[in-house]
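Listed here are the chains, written in short residue letters.
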Amino acid sequence: MTGRELEWSRGDRAKAAAKLMVGWVALLWLLEVVDVASGHALDGLGITPRTPSELVDVVPAAFIHFGFAHVASNSVPLLVMGFLAALGGLRRFAAVCALIIVADGLGVWLIAPAHTNTAGASGLIFGLFGYLVVTGFVERRPLGVLVGLLIAAIWGTSIVVGLAPTQTGVSWQAHLLGLITGVAAAFLLRRKPGHHAIEA
């Protein structure tokens, strides 16, 4: 492949990643509009722990929020981190997100306090943070390391605060589980040395 072809491939990947994440965030806002218009009927898609029937909500819970302020707080980090992670290839990104969402949701179902309802994209965000910070080191890619350090500098403080168990109304369990799963995904889905993805 020539340099020009590789350049176009990278440009295509960037466009695809941007479209995906803009669409993803737009979907979250649309779902919240529907939720408000329906009298918060979608809030029931959150996860109530250790209730067998709630296992079907493990995935939907990552797309549901409790109010527009909740969506707004998650939109920018999800947009940015999702875009950066998706630059590595959409199939790989889908695998990373699926792993984080499912593992995080199941973990919340297992260990969250009784009689709670957990929903929101923050578990995925914490997972993408862990993935982006670690994957450059795991794959020994200087650019990936630089991206990870930049992400850590921008959102590191917020991540640490989000892990504090003293906050009310915030699922530190979802945050911690997401972070751990994101780090694990960096190892489980790492590329072999010398491998360069060109998928769009």
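An account of the accompanying structure is given in this report. (Residues numbered from 1 in each chain as written. Predicted model: local features only at pLDDT ≥ 70, side-chain atom pairs only at ≥ 80, totals over all residues. Heavy atoms only, no water.)

1. As for the pattern of salt bridges
Here the structure, examined in full by the defined rule, presents 2 salt bridges. With a closest N to O distance of 2.2 Å, Arg92 and Glu139 form a salt bridge. Note that Arg92 is positioned in helix H3 (residues 90-111) and Glu139 in helix H4 (residues 122-139), a separation of 47 residues in sequence. Neither Arg92 nor Glu139 differs from the other in exposure class; each is buried. The partner of Glu139 in a salt bridge is Arg141, and the shortest N-O contact between them spans 2.7 Å. A relative accessible area of 11% means that Glu139 is categorised as buried. Residue classification places Arg141 among the partly exposed residues on the basis of a relative accessible area of 31%. In the salt-bridge network here, residues are joined through shared partners; they are Arg92, Glu139 and Arg141. (Salt bridge = Lys/Arg side-chain N within 4 Å of Asp/Glu carboxyl O. Helix = DSSP H or I, 4+ residues; strand = E, 2+ residues; numbered from the N terminus. Buried < 20%, exposed > 50% of the residue type's maximum accessible area, 1.4 Å probe, protein only.)

2. Focus: H4
Its 18 residues place the ends of H4 25 Å apart at the C-alpha level, agreeing with the 26 Å of an ideal helix rising 1.5 Å per residue. In H4, a bend of some 25° at Val133 exceeds every other bend along the element. Arg140, located one to two residues past H4, shows a positive phi value of around 55°. (Expected span 1.5 Å × (residues − 1). Bend = angle between axes of the 7 residues up to and from the residue.)

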